[in-house]
Amino acid sequence: MPARILVARVVPPRVLERLRRHFDVEANADDAIYTPAELVQRLQGKQGALTTGSERIDAKLLAACPELRVVANMAVGYNNFDIPACSAHGVLATNTPDVLTETTADFGFALMMAAARRMAESEHFLRHGEWKKWSWDLLTGSDVHGATLGILGMGRIGQAIARRGALGFGMKVIYHNRSRLAPEVESPLGARWVDKATLLREADHLVLVLPYAAASHHAIGAAELMLMKPTATLTNIARGGIVDDAALAAALRERRIAAAALDVFEGEPAVHPDLLEVPNVVLTPHIASATVATRVAMAELAADNLIAALNGGTPPTPINAAELQQRG
Ligand code: 8YV
C-alpha cells in the first residue's frame, strides 16, 4: 500500500503529479492556509507532509499525529519546525538548501540597490505626477559600486551576495557570523570578519541573511540602528522578527538611516503600519526565491526528500538525520 501524504499548499502541477505516482496524496486545491487544528486533522493517518513556511510543525502537532514520519519543508529556512520535537517524535525534517541560493542572492542584491538608488520612491514620485523638472539633487541616493557591503549571516546566500558585491561591483565586503569563514573562502572575496558593532558602524549597505532563531530575534533593533551610518541602507531577506520593524520604521522616519528594503516582516503577511507610511523603504511580499525555475526546483527537492524518506532511500537534504540516527 502506498504511504499517505499531505501536500499542505499548492505546488507546481508536475511535482504534484510526481508525488501521486508514489503516494496516496491529499492535496490542498484551494491553497488555503490551514489553522493548527485543521493541519492536525488533515495529517491524521498520514506518514508524510510537504509543508511551506506557513505551516508550523511543533510538539503539540507531533503528539497529535503519531503516524507522521517525515516533514519536507519547501524552504531553506525551517524556523516553522521545532527540530528537537521532530527528533523526539522520530520524525525526519528536511529543507531545500542550495537550489535557491543564487536566485535569492540576485533578489537580495536587487533590493539593496533599489534602496540605495531610491527606486521605489522614484517610481511612486513619477506615477503620482510629481516629476516637473530636472534638478541636481532629485532623488539622489548613494553609490553601490565601491561602497562597503556588510553581511550579517555569511552562509550560502550571504556568500553569494558577497560574490556579487566584490566581483561585480568592486565593493569592500565585511561580515559578521558566528563562525569565521575559511581563508580560502574569504580571500577571493576580500571578505573580512568583524564583530557585530563594527559591521553596523562601517557598512554602507547592510544585508541580513541569518537564520531566525530565539537568539536572532530583534538582532537589529533601536540600539543597533543607532550604530549605523545616517547614509546607510538596511536590507532584510532573512526572516521577519530578525528586525524590530517598529524601531526600523522610526529610524527611517527620523532619517537615522537613509533607506531600507524588506522582503520579510514580523507577523507577515501583515506589515507594520508605520512601515507603510515611510517613503524610504522598499517593500516586497517574501518573493526572494520566486522565479519559476527556482520554485519548481524547491518543490522537486521537497518531493525527492519525501520519496526517499518514505520509500527506504536516502533523503538528499535532511535536517535532523544525525539526531534520529543517534536515537536509533
Ligand atoms: C520560501 C524562504 O519561499 O526558503 C526560504 O526559507 O524564505 C522562501 O524561499 C518560503 O519560506 C515559503 O516556504
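Here the structure is a predicted model, which is why all the values come from computation and not from measurement. Counting of residues starts from 1 at the beginning of each chain's written sequence and follows it residue by residue. Under the rules for a predicted model, residues below a pLDDT of 70 receive no local features and side-chain atom pairs below 80 are neither given nor counted, while totals for whole chains, interfaces and linings still include all residues. Note that water and hydrogens are dropped before the side-chain values are worked out from all heavy atoms of the structure.

### Remarks on the sheet that holds strand β3 (residues 48-51)
Each strand in a sheet pairs with its neighbour through backbone hydrogen bonds, running either in the same direction (parallel) or in the opposite one (antiparallel). What counts is decided by this rule: If DSSP finds at least two bridges between two strands, the strands pair. Going along the chain from the N terminus, every DSSP run of H or I of four or more residues is numbered as a helix, and every run of E of two or more is numbered as a strand. Note on method: axes are straight lines fitted to C-alpha atoms, helices fitted across the in-contact stretch only, with angles between N-to-C directions ranging 0 to 180 degrees. Throughout, a contact is declared for two residues whenever any of their heavy atoms are within 4.5 Å.
Read across the open sheet, the five strands follow the order β2-β1-β3-β4-β5; overall the sheet is parallel. Two strands in the sheet have a free side with no partner beyond their single neighbour: β2 (24-27) and β5 (92-94). Averaged over neighbouring strand pairs, the angle between their axes works out to 15° when direction is ignored. The strands touched by helix α1 (residues 13-22) within the sheet are β1 (4-7), β2 and β3, with β2 carrying the most contacts at an inclination of about 145°.

### Describing a nonpolar patch on the surface
Defined as follows: Residues enter patches when their relative accessible area tops 30% and they take part in no salt bridge; the joining distance is 9 Å for like charges and 5 Å for the nonpolar side chains Val, Leu, Ile, Met, Phe, Trp and Tyr. Computed by Shrake-Rupley with a 1.4 Å probe, the accessible areas treat only the displayed protein chains as cover when residues are assessed. By salt bridge we mean one thing: a side-chain nitrogen of Lys or Arg within 4 Å of a carboxyl oxygen of Asp or Glu.
A cluster of nonpolar residues, L126, W131 and L138, forms a patch on the protein surface that exposes about 310 Å² of accessible area. As for its placement among the helices and strands, L126 is situated in helix α6 (residues 119-127).

### Observations regarding unusual backbone geometry
Residue P269 follows E268 across a cis peptide bond; omega there is 15°. Within the fold, P269 resides in the loop between β11 (259-262) and α12 (273-277). Residue D31 is not a glycine yet carries a positive backbone phi of 60°. Along the chain, D31 falls in the loop between β2 and α2 (36-42). A positive phi is found at H286, a non-glycine position, where the angle reads about 50°. For H286, the position within the fold is in the loop between β12 (281-283) and α13 (292-310).

### Overview of the sheet that holds strand β9 (residues 205-208)
Read across the sheet, seven strands follow the order β8-β7-β6-β9-β10-β11-β12 without closing on themselves; strand pairing throughout is parallel. The two strands at the open ends of the sheet, each matched to only one other strand, are β8 (192-193) and β12. Where β9 meets strand β10 (residues 233-236), four bridges bridge the pair, whose relative direction is parallel. What sits directly across from V207, in β10, is T235. Across the face of the sheet, helix α7 (residues 156-169) comes into contact with β6 (148-152), β7 (172-176) and β9 while running at roughly 175° to β6. Its contacts with the sheet put helix α11 (residues 245-253) on β10, β11 and β12, and the angle it makes with β11 is roughly 145°.

### Side note on the pairing of β10
Selection rule: Each residue's exposure class comes from its accessible area (1.4 Å probe, protein chains only) as a fraction of the maximum for that residue type: buried when under 20%, exposed when over 50%, partly exposed otherwise. Place the viewer so that the strands point away; then a crossover is right-handed whenever the path from the first strand over the helix to the second strand goes clockwise.
Residues of β10 alternate between two faces, with T233 and T235 on one and L234 and N236 on the opposite face, all of them buried. Taking the sense of rotation as the criterion, the β-α-β connection linking β9, helix α10 (residues 222-227) and β10 turns out right-handed. Judged from the four bridges that link them, β10 and β11 form a sheet pairing that is parallel. The partner of N236 across the bridge, within β11, is L262.

### Looking at the packing of α1 against α13
This is how it is decided: Any angle that is under 35 degrees is reported as roughly parallel, and any over 145 degrees as roughly antiparallel; angles of 65 to 115 degrees are reported as roughly perpendicular and all others as oblique. Under the grouping applied here, Gly and all other residues not named as nonpolar or charged are polar, the nonpolar ones being Ala, Val, Leu, Ile, Met, Phe, Trp, Tyr, Cys and Pro and the charged ones Asp, Glu, Lys and Arg.
Following both chains from N to C, one finds α1 and α13 inclined at 10°, their axes separated by 9 Å at the closest point. When the interaxial angle is binned, α1 and α13 end up roughly parallel. Across the interface between the two elements, R14, V15, R18, L19 and H22 from α1 touch V296, A299, E300, A303, D304, L306 and I307 from α13. Classifying every residue of the contact of α1 with α13 by side-chain character gives seven nonpolar, one polar and four charged.

### Structural notes on α11
Inclusion rule: Between N or O atoms, a polar contact is any pair within 3.5 Å; within protein, one atom must be a potential hydrogen donor and the other a potential acceptor, and residues adjacent in sequence are included only when both atoms are from side chains.
The element α11 is extensively covered by neighbouring structure, given that seven of its nine residues are classed as buried. Of all the residues in α11, the buried ones are D245, A247, L248, A249, A250, A251 and L252. Looking at the packing, one finds that the buried side of α11 touches α10, β10, β11, α12 and β12. One side-chain oxygen of the residue at the start of α11 lies 3.2 Å from the amide nitrogen of A246, identifying that residue as D244. After α11 finishes, the residue R255 shows a positive phi value of roughly 55°.

### Let's talk about the domain arrangement of the protein
Let me state the cut-off plainly: Delimitation of the domains relies on an automatic or database domain assignment. Put simply, buried area is how much 1.4 Å-probe accessible surface two parts lose in total, over both of them, once they are put together.
Here the protein is partitioned into domain 1 (4-97 + 292-327) and domain 2 (101-283). A C-alpha centroid distance of 32 Å is found between domain 1 and domain 2. Taken together, the five residues of domain 1 in the interface contact four residues of domain 2. The largest contributions to the domain 1 side of the interface with domain 2 come from N79, P97 and T294, which together make up 75% of the buried area. Inspection of the domain 1/domain 2 interface yields zero salt bridges. Counting the contacts that link domain 1 with domain 2 gives two residue pairs in polar contact (both at pLDDT 80 or more). By residue class, the composition of the side of domain 1 that touches domain 2 is two nonpolar, three polar and no charged.

### Regarding the site of the ligand
What counts, and what does not: Residues are counted as near a molecule or strand when any one of their heavy atoms sits within 4 Å of it.
As a structural note, the neighbourhood of the ligand is formed by T52, G53, M74, A75, V76, G77, L100, R239, H286, S289, R295 and M298. One nitrogen or oxygen atom from the main chain of G53 is found 3.1 Å from an oxygen atom belonging to the ligand. Within the side chain of R295, a nitrogen or oxygen atom sits 3.2 Å from an oxygen atom of the ligand. For the ligand, whose accessible area on its own is 330 Å², the fraction buried by protein is 83%. A per-class count over the shell around the ligand returns five nonpolar, five polar and two charged.

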